[in-house]
Amino acid sequence: MLHTVNKSPFEKNSLETCLRLIDESSSILLIEDGVYGALKNTSVSDSVINAQKTTKIYVLGPDLKARGLDKSSLISNIEIIDYKGFVNLTIENEKIQNWL
Amino acid sequence: MLFGILVNEGPYQHQASDSAYLFAKAAIEEGHKIFRVFFYHDGVNNGTRLATPPQDDRHIPNRWSELAKEHEIDLVLCVAAAQRRGMVDPDEMKRNKKDADNIAEKFRISGLGQLIEAGVQAERLITFGD
Amino acid sequence: MEEELESGVVKKFLYINRRAPHGTVYAHEALEVVLIGAAFEQDVSLAFIDDGVFQLKKDQDTSEINTKNFSKIFSALEMYDVEKLYVEKESLESRGLTEDDLSVDVKVIDSSEMKKLITDSEVIFNF
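The structure displayed is predicted, hence computed values, not measured ones.

A. Local environment of the sheet that holds strand β1 (residues 2-7) of chain B. The five strands lie next to each other as β4-β3-β2-β1-β5 (chain B), forming an open sheet whose pairing is parallel. On the outer flanks of this sheet lie β4 (107-110) and β5 (124-128) of chain B, each paired with one strand and no other. Within the sheet, the average angular offset between the axes of one strand and its neighbour, ignoring direction, is 25°. Sheet strands in contact with helix α4 (residues 83-92) of chain A are β1 and β5 of chain B, and its direction is about 135° off that of β5(B). Contacting β1, β2 (33-39), β3 (75-78), β4 and β5 of chain B, helix α5 (residues 113-121) of chain B runs over the sheet at an angle of about 150° to β2(B).

Right under this line is the structure:
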C-alpha cells in the first residue's frame, strides 16, 4: 500500500499516525508540507529512521525544491522522485491511503 | 491504469489542486487514463469561470478546463457542496432561480454518487486535500 | 479486470475520519458521502482515528453555534446498513475518552487491528 503524507510533522500528527498504522509492506511518499518530515536532525527524524527498517520512504522532488531543500537536507536513504515517479508508485501499489 | 482523483480544497488557498493537476498531467503523460476528477468541499471552487488571477500566476480553473478538453476528462463538482458555495451551472441557475451561472468549461455539477462510482470503477483513487 | 468493473462489483470501502467536528466542515461532509455511498451496496466500514473520535462524543448540542448537529446522524447509520464503526483505542485513550462517552455502538480496536482494517480495505476515503 502507498501512503502519502502532506502535512508538516511539526504542525499535525499525520506522519505520526501514518507510522503507527502502516503495515510492513507499505511505502510512504511525503508531498507538499509533508516533505519536512524527511529532514535530518529534527525531533521526528528518529521515528522516520526507525520506520525505514521496514518501510521505503520517498519524497516528492518538486515540493522539496520549492521549499529550498535538497538531498543534503534529508535523512539518508529517502528517495527523491518526480511526478512521474509518484504516478508509478500508485501503480506499483494496489491501494492508496492519503494521510491529510 | 484508470485513475479517480478527489480534490477537497479550493484553488490558490491550498496546494491540493496544484498537486492533483500535476499528478493528473503526469499520469496522462505516462499513458494512463483519468476516469474522473471529483471536486468536493471547497474543492468545488476550482470550477469557477470568473477567476481572474494576476497574469504572472497560473490560472487554476482554466488549467483544469484545458486538460479536460485535451484528454476527455470528466470534471465533476459535487452538487451539495456547489450549492452551498454558490457554484452554479445553467441547469442549477434555472432550478434555483439564480440570475447567473459561473461554471467553467468542461466542468459539470452532479451528485456524490459520482464520487462513489469513481471509487468503484477506477483502479486507483487518490485524494488531494488539506 | 474489465469484467469485474461492470456493475455488481462490491469493493471494501473504508472512510477514515481523523478530524474533530464543527471546527471545519470535513466531518459533516464526510458523513454525507457515507450516506450517499450506502445506496451503492458496497462493503462499508468507518474508522475513527485521532481527533475523529470526537465526532462520536455523545451529548453534542450545536444550538448555540447555529450549525447543524450532524452527530445525530451517526445513530441513524444502522438504518442505512452502515454498521461497521471502528474506533482506535489509542486515539480514544489519549483524548481522555472511554467507550461510555460515545453516542453510538462502535467496536474499539487497537492500532494493530486498525492497521489490518486499513490494509484489508480497497477504496479509502479521507476528507
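Structure's up, so let's keep going.
B. Expanded view of the interface of chain B and chain C. Counting from both sides, the interface comprises 22 residues of chain B and, opposite them, 23 residues of chain C. Counting the surface lost from both chain B and chain C, the interface buries some 1800 Å², and carbon and sulfur atoms represent 59% of this. On the chain B side of the contact with chain C, His41(B), Ile116(B) and Val120(B) bury the most area, a combined 30% of that side's loss. At the junction of chain B and chain C, the tally comes to three salt bridges. Arg85(B) is the salt-bridge partner of Glu29(C), the closest N and O atoms lying 3.2 Å from each other. Between the two partners, chain B and chain C, sit eleven residue pairs in polar contact (both at pLDDT 80 or more). Contributing elements (two or more residues each) for the side of chain B that touches chain C: α3 (79-85), α5 and β5 of chain B. Examining the composition of the side of chain B that touches chain C, we find that seven residues originate from one element, α5(B), more than from any other.

C. Summary view of the packing of aromatic side chains. A complete count under the given rule lists 14 aromatic pairs over all chains for this structure. Ring centres 6.3 Å apart and planes at 50° place the aromatic pair Phe38(B) and Tyr40(B) in the tilted group. Accessibility classification places Phe38(B) together with Tyr40(B) in one group, the buried group. Counting every residue linked through ring pairs, the aromatic cluster contains Phe38(B), Tyr40(B), Phe13(C), Tyr15(C), Phe125(C) and Phe127(C). Seen from the ring of Tyr58(A), Lys56(A) lies directly overhead, with NZ or CZ sitting 5.4 Å from the centre. A cation over a ring is seen here: Arg19(C) above Tyr26(C), with NZ or CZ 3.8 Å from the ring centre.

D. Here's a closer look at the sheet that holds strand β5 (residues 123-126) of chain C. All names here are of chain C. Reading across the sheet, the five strands line up as β4-β3-β2-β1-β5 and stay open at both edges, with parallel pairing between neighbours. Of all strands in the sheet, those with a lone pairing partner are β4 (107-109) and β5, marking the two edges. Strand-to-strand, the axes of this sheet are offset by a mean angle of 25°, without reference to chain direction. Direction of pairing for strand β2 (residues 43-48) relative to strand β3 (residues 84-88): parallel, over a ladder of four bridges. Bridge pairing in β3 links Ser-45 to Lys-84. The strands touched by helix α4 (residues 111-120) are β1 (12-17), β2, β3, β4 and β5; relative to β3, the strand with the most contacts, the crossing angle is about 135°.

Rules of the game
- Residues numbered from 1 in each chain as written.
- Chains lettered and ligands numbered in written order.
- Predicted model: local features only at pLDDT ≥ 70, side-chain atom pairs only at ≥ 80, totals over all residues.
- Heavy atoms only, no water.
- Pairing = 2+ DSSP bridges.
- Helix = DSSP H or I, 4+ residues; strand = E, 2+ residues; numbered from the N terminus.
- Axes fitted to C-alpha atoms, helices over the stretch in contact; angles between N-to-C directions.
- Contact = heavy atoms within 4.5 Å.
- Buried area = accessible area lost by both parts, 1.4 Å probe.
- Salt bridge = Lys/Arg side-chain N within 4 Å of Asp/Glu carboxyl O.
- Polar contact = N/O pair within 3.5 Å; in protein donor to acceptor, adjacent residues only side chain to side chain.
- Phe/Tyr/Trp six-rings, centres within 6.5 Å; stacked < 30°, edge-to-face > 60°.
- Buried < 20%, exposed > 50% of the residue type's maximum accessible area, 1.4 Å probe, protein only.
- Lys NZ or Arg CZ within 6 Å of the ring centre and 35° of its normal.

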